Amino acid sequence: MVPTSTVTRVSVLLVALLLALPVRAPAEETPVRGGELDFVVPAAGFPSMDAHREETYAVIHPLRPFYSLLIKVDPKNPSDPTAFVGDVAESWTKSADGLTYTFKLRKNVKFHDGNPLTSRDVKASFDKIIFPPEGVVSDRKAMFFMVKSVEAPDPTTVVFRLKFATEAFIPALANPYNWIYEADILARDIHWYETHVMGSGPFKFKEYVAGSHVSGVRNPDYFMPGLPYLDGFRAIFIKQEAPQLAAIRGGRAMINFRAFPPKAVEDLRAAMGDKLAVQESPWNCGLYLAPNHKAKPFDDPRVRRALSLALDRWEGSKALSRVAIVKTVGGLVFPGSPLAASQAELQTIAGYGTDIKAARTEARRLLREAGVPDGFSFKLHNRAVEQPYKAVGIWLIDQWRQIGLNVEHWVEPTAPFFATLRNGNFQVTMDFNCQAVVNPVLDISKFLSNDRSASNYAQYQDRTLDGLYDEIVHETDQGKLKSDLRRFEKRVLDEQAHYIMTLWWNRIVPYNARLHGWKISPSHYLNQDLANVWLAPE
Amino acid sequence: MADVALPALDVEEAALAHGPARRALAAMWRFARRKPLGFAGVAVVIVMVLTAVLAPVVAPYDPLATDYGAMFAPPDARHWLGTDSFGRDVLSRIIFGSRTALLVGFGASVVGATAGLIIGTASGYFGGRIDMIVQRILDVFLSFPLIVLALAVVAILGTGTFKVILAILVPMVPRAARVCRATALSVRESPYVDAARACGYGHVRIILRHMVPNVIPPYLIVLTAFLGQAILLEASLSYLGLGVQEPTPAWGLMLQGGAAEYAESAPWIPIFPGLAISLAVFAFNLFGDSLRDALDPKLRTL
Amino acid sequence: MRRYLVRRFLMMFPTLFGVALFIFVLIRLLPGDIVQLRMAGEGGFVSEEAMQQERQRLGLDRSIGRQFVDWMKGLTRLDLGLSMWTGRPVTYEIGIRFQLSLQIAIMATLIAIALALPLGTIAALYQDRWPDYAVRVFSIAGLAMPSFWLGILILLGFLIAFHWTPPMVYVPFWVDPWGNLSQLIWPALATGYRYSAVATRMTRSAVLEVLREDYIRTARAKGIRRKLILTRHALKNAMLPVVTVIGLEFAFLIGGLVVTEQVFNLNGLGKLFVDAVTQYDYTMVQGLVLLVAFVFILSNFVVDLLYAWLDPRIRYR
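Residues numbered from 1 in each chain as written. Chains lettered and ligands numbered in written order. Predicted model: local features only at pLDDT ≥ 70, side-chain atom pairs only at ≥ 80, totals over all residues.

> In this structure, what is going on with the overall build of chain A? I would like to understand it.
Scanning chain A from terminus to terminus reveals 16 helices and 18 strands. Out of the 538 residues in chain A, the part that is buried amounts to 57%. Put simply, 71% of the contacts in chain A that link residues at least 6 apart link residues at least 24 apart. (Helix = DSSP H or I, 4+ residues; strand = E, 2+ residues; numbered from the N terminus. Buried ≥ 20, exposed ≤ 12 C-beta atoms within 10 Å, placed from the backbone. Contact = placed C-beta atoms within 7 Å.)

Following this line, the structure appears as structure tokens:
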């Protein structure tokens, strides 16, 4: 079925609604104290325990409950990409010129070793993140390119001075990896946190058995009165999906905070009935295709456009959302953001129209014009991970077959997959961009020229695009920011078709209905300190 | 394993047969008559080979055709063994998958066992320092569990049918060489090899014309034993996501990617390919066992 | 004899060195890079400079030869180095998993012995009659079914029938025997079945062979009771090859349960190996492979010792 514009408008509305309310709006109930939460971490383990240097949820899910941030997304409304609350910060102010942010800290915050948490600790932590000394890896250094200095004028005040005013700063600050470490420990050994835990979060570290689990117990001195509700938790590493599901199905664990594919959720629901609750949210992860601009014929924008035109995104969304963790049709900006493209704006981009027949005729014409023969064969490079990569790959090959392209699936495990992305020995590759706090201005920096963006695997240079981005970074007016973003989006996805967007991911989290107080957000990195989570009695 | 000397061929049997081909044929006929289990195995293998050859004729659907309207369809008149998570026909994928299984099975075991035959026979023939060095190298390879070595090789080479065959045959070479060498050692001392040497024939000629034919029985035993193992290894590698890749139809691959996850609501997805693997390996083992009994009842440890 | 044993013992070391050299080179042929994988495996903004720093810290910027010499030096002190993935000592990481792998290996061995000895003997005594066929079909089926597939079916059966799944976290036997067994008995069964198939076939052919020996025929001719022949003579002499195959399979189980551990989510050495390979943890793969090879070579040596001691007919080369 080809959706009419009314249908698409309705689907936009639906997306908007989904964003506004989680599927299962948890009723306001009185939390119950006590109990231990066992949950699944769908990974083999974490590389190190230092979140400043890592970037996987395998660090966040088991360890985030031991730490505090300066500010965080609102746990009562984590889907709102603009709602932030203080964590160890009590309040903050922004100067009129937007260059100085002053944070007041809570006075009752203590590390688990009993030492008070002061502005010294906050400054030491952010200095490590923003200005890492020689030999210290900071994953999020680039994110803070606007910060000039961090200062601690008195024990309860922290001041961030920026080089220029930008909308990108506060969301970057609320990033869930910016854990506050103890200044004295960092001064003794800046690598200490890679193998140890010492935070000020709602839970205290109990044990870590490599490859098996991490466990924590309630922090009785937590600075938020009455929190946390749980006595403790155990984060169990399970890499394969079948045992993950079996764990939830058999009551060995209550939740996997990342997500499960839709079919698995359906099965769990059928098996567990009302013992299962489900929350769903669009996911701040985009699944892209990068055509290699250095490989013929993908140096030709007409060919790249044809690849995009062949995709029936609207029908694909319907089919794939039943078997894969993708769903939302969108542009470069996360569809849940107020800065995202509207439905009408999206429709102006090649491959987002509603008449797929016309689009495919146009695609065939473009291919002919570019001298690409019918039945032309190329390799789609993909990551050997089922969800969503391989599932979408199988769909893409089928879509391209319909404009006369004969595509071979070339799948590599994660490490060689990235090696290939970097050395550029591919024709078209699957690529993705997963971010934590919705921060479109930073999130789109991936698409800059390859001398400015290390993760631009399509390997193009486009100075017009770079110029546009520099305006976007410095723009503080929401209206102008929006129209600038549209121009950027149009250039990347349509005019040049540098990158091809497939679908945005879709996050579905099924869990044991005894679990309460956890709300889904657009990122599996967010809202994971477990302070508000509680268990209903059996 | 201890270096237990293996006996030379039955004198009687050696006298009966004139060429290696006829000797093998005669042996096969003997076991077919005497061993009903082995005969059953051969029958299944033949059916499998026919299925693989005639796959496009036998299969009701294109094994690659997705049908998002019929995902997870249970077995019924349209899809006898149901459909998978992309609406692809499970029966058709199993039928086409037999091609991959046979290709991997025969490819890996024939090449692996033959390489082992040549290395092992040559090593046994030359003896002395050469044998000593070859043995130490083989020892190194033999110290790895089969799957560990295959996994390491496939991690380096990358995935894909031919690379997987290579990964599976590499650990098979030293095992075949070890067995063939043991026989070669005893053959080396036999009068006709001495005679050949006395005639002044070159090493290559003696090895290929006089030694190898006598090492054929253990070689065949090893080869048939490897057939089943290769199919199992391919399934294991595929389950770990390191084997043959989507959308190629392959049995091991069908057990991965959603098969186990959805087993409760769609048990046909993991059960039928698993049965296909088991049946194929079962048949190869029956066949191999009987061949072994017929050729050399003492060679048991494979 | 003594000279043979000493030589056989010394022979273990060049083999181990070969294994070490081989895996060291092999693992470095992997396409891709641990630093890239660790730091950019999920997307994100990591600079090339930061990655270079990390390579330096892990010592990956040094020449290959230098890295090998350093590793060898460590080995002489039994120091396997630090895991490049977790930063903890390789020996510590292996230690955590060893207990579980050892327990499964022991349990699977017990299951295998309990099945193989009676079944194999029965098959031999009734050679080419229906009990023989039944046993052989049962054991060949054990060899034919992928253990991990059997594991999937076991788990599926429990889920459907009892809404039950085994515990996900390992507890040592002496802490919680019930919890321990209810987690480990299933993988032990799945692998023990395959293992028993190997041992059953060996028992069968060993007993057959012994039954053909002259002294058994003599005993029979003398009219000694069948059962007595079996226990006094046949079984005892058939044990040697059976013990051999059990010993070698046991060694294999310590590191070879690669796929089954994935299915049951067991934190054992096989899973550690898969993880280490997919994570490009060079030091971990090296250490683990060396350990598994050592166990294997050692058990080969012990088996050879047994042979030399028990069976004087062996020729020493």
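> What is the right way to read the overall build of chain B from this model?
Helix and strand counts for chain B come out as 13 helices and zero strands. When the elements of chain B are put in sequence order from the N terminus, they spell out α-α-α-α-α-α-α-α-α-α-α-α-α. Looking at chain B alone, contacts between residues at least 24 apart form 71% of all its contacts between residues at least 6 apart.

> Mind showing me how you'd approach the packing of helix 5 (residues 90-126) of chain B against helix 8 (residues 161-169) of chain B here?
The description of two packed helices rests on the angle between their axes and on the distance between the axes. Residue and element names in this part refer to chain B. At a closest axis distance of 9 Å, the pairing of helix 5 and helix 8 adopts a crossing angle of 40°. By the angle between their directions, the pair helix 5 and helix 8 is classed as oblique. Pair helix 5 / helix 8 crosses with right-handed handedness. Together, Thr100, Leu103, Val104, Gly107, Ala108, Val111 and Gly112 of helix 5 and Thr161, Val164, Ile165, Ile168 and Leu169 of helix 8 make up the contact between the two elements. (Axes fitted to C-alpha atoms, helices over the stretch in contact; angles between N-to-C directions. Parallel < 35°, antiparallel > 145°, perpendicular 65-115°, else oblique. Left-handed = near helix turned anticlockwise from the far one by under 90°.)

> Teacher, can you tell me more about the pairing of strand 13 (residues 377-383) of chain A here?
All names here are of chain A. A large share of strand 13 lies buried, amounting to five of its seven residues. Relative to strand 14 (residues 406-412), strand 13 runs parallel, the two sharing seven bridges. Opposite Ser377, over in strand 14, you have Asn406 as the bridge partner. Between strand 13 and its parallel partner strand 14, the chain crosses via helix 12 (residues 386-401), and the hand of that crossover is right-handed. (Pairing = 2+ DSSP bridges. Right-handed = clockwise from strand over helix to strand, strands pointing away.)

> I'm lost on the interface of chain B and chain A in this one. Help?
Think of interface size as the accessible area that goes away when the parts come together; that is how it is often given. At the interface, 20 residues of chain B touch 21 residues of chain A. Of the residues that constitute the side of chain B that touches chain A, the class distribution is eight nonpolar, nine polar and three charged. (Nonpolar A, V, L, I, M, F, W, Y, C, P; charged D, E, K, R; others polar.)

> I keep staring at the interface of chain A and chain C and nothing clicks. Help me out?
Taken together, the contact pairs 41 residues of chain A with 45 residues of chain C. Counting residues per element, the side of chain A that touches chain C draws most heavily on helix 13 (residues 414-423) of chain A, which supplies six residues. Residues belonging to the side of chain A that touches chain C are distributed by class as follows: 21 nonpolar, 13 polar and seven charged.

> So what exactly am I meant to see when it comes to helix 7 (residues 262-272) of chain A here?
Every α-helical turn comprises 3.6 residues, leaving residues that sit three or four positions apart pointing alike. Residues and elements named next belong to chain A. For helix 7, the complete set of buried residues consists of Pro262, Ala264, Asp267 and Leu268. In this structure, the buried residues of helix 7 make contact with helix 6 (241-249), strand 12 (276-291) and strand 16 (500-512). Within two residues after helix 7, Gly273 carries a phi angle of roughly 60°, on the positive side.

> Would you take a moment to explain the sheet that holds strand 7 (residues 157-162) of chain A for this structure?
To summarise the sheet geometry, strands pair through backbone hydrogen bonds and adopt either a parallel or an antiparallel arrangement. Residue and element names in this part refer to chain A. Spatial strand order, 4-5-7-6: four strands in an open sheet with antiparallel pairing. If you trace the sheet from one side to the other, it starts and ends with strand 4 (89-94) and strand 6 (147-154), each paired once. Strand-to-strand, the axes of this sheet are offset by a mean angle of 20°, without reference to chain direction. Looking at chain direction, strand 4 and strand 5 (residues 100-105) are connected through five bridges and run antiparallel. Within strand 5, the residue paired with Ser91 across the bridge is Lys104.

> Looking at this structure, how should I read the nonpolar core?
Inside soluble globular proteins, nonpolar side chains tend to come together where they are buried. Residues B:Val148, B:Ala150, B:Leu151, B:Ile168, B:Ile231 and C:Val289 are the most contacted members of the largest nonpolar core, which totals 354 residues. For this core, the element with the highest residue contribution is helix 11 (residues 203-239) of chain B, accounting for 20 residues. The residues contacting B:Ile231, other than those within four sequence positions of it, are B:Ala101, B:Val104, B:Gly105, B:Ile277, B:Ala280 and B:Val281. (Core = buried A, V, L, I, M, F, W, Y, C linked by C-beta atoms within 7 Å.)

> Honestly, the environment of A:Tyr181 in this entry has me stumped. Any pointers?
Position of A:Tyr181 among the secondary structure elements: in the loop between helix 4 (169-173) and helix 5 (183-188). Contacts of A:Tyr181, omitting those with residues within four sequence positions, involve A:Asp121, A:Ala124, A:Ser125, A:Leu186 and A:Tyr193.

> It is not clear to me how the environment of A:Arg368 should be interpreted in this structure. Could you clarify?
Structurally, A:Arg368 can be placed in helix 11 (residues 356-369). For the pair A:Arg368 and A:Leu468, spaced 100 residues apart in sequence, the C-alpha separation works out to 32 Å.

> Sorry if this is basic, but what is going on with helix 10 (residues 191-198) of chain B here?
Among the eight residues of helix 10 of chain B, zero are classified as buried, and the element is accordingly described as predominantly exposed. Immediately downstream of helix 10 of chain B, the backbone of B:Gly200 shows phi near 80°, a positive value.

> Looking at this structure, how should I read the packing of helix 5 (residues 90-125) of chain C against helix 6 (residues 130-144) of chain C?
Residues and elements named next belong to chain C. Following both chains from N to C, one finds helix 5 and helix 6 inclined at 140°, their axes separated by 7 Å at the closest point. Comparing their axes, helix 6 and helix 5 come out oblique. Seen along the crossing, helix 5 lies across helix 6 with a hand that is left-handed. Residues Leu119, Ile122 and Ala123 of helix 5 touch helix 6, and the partners they reach there are Pro131, Asp132, Val135 and Arg136. Considering only residue class, the contact of helix 5 with helix 6 consists of five nonpolar, no polar and two charged.

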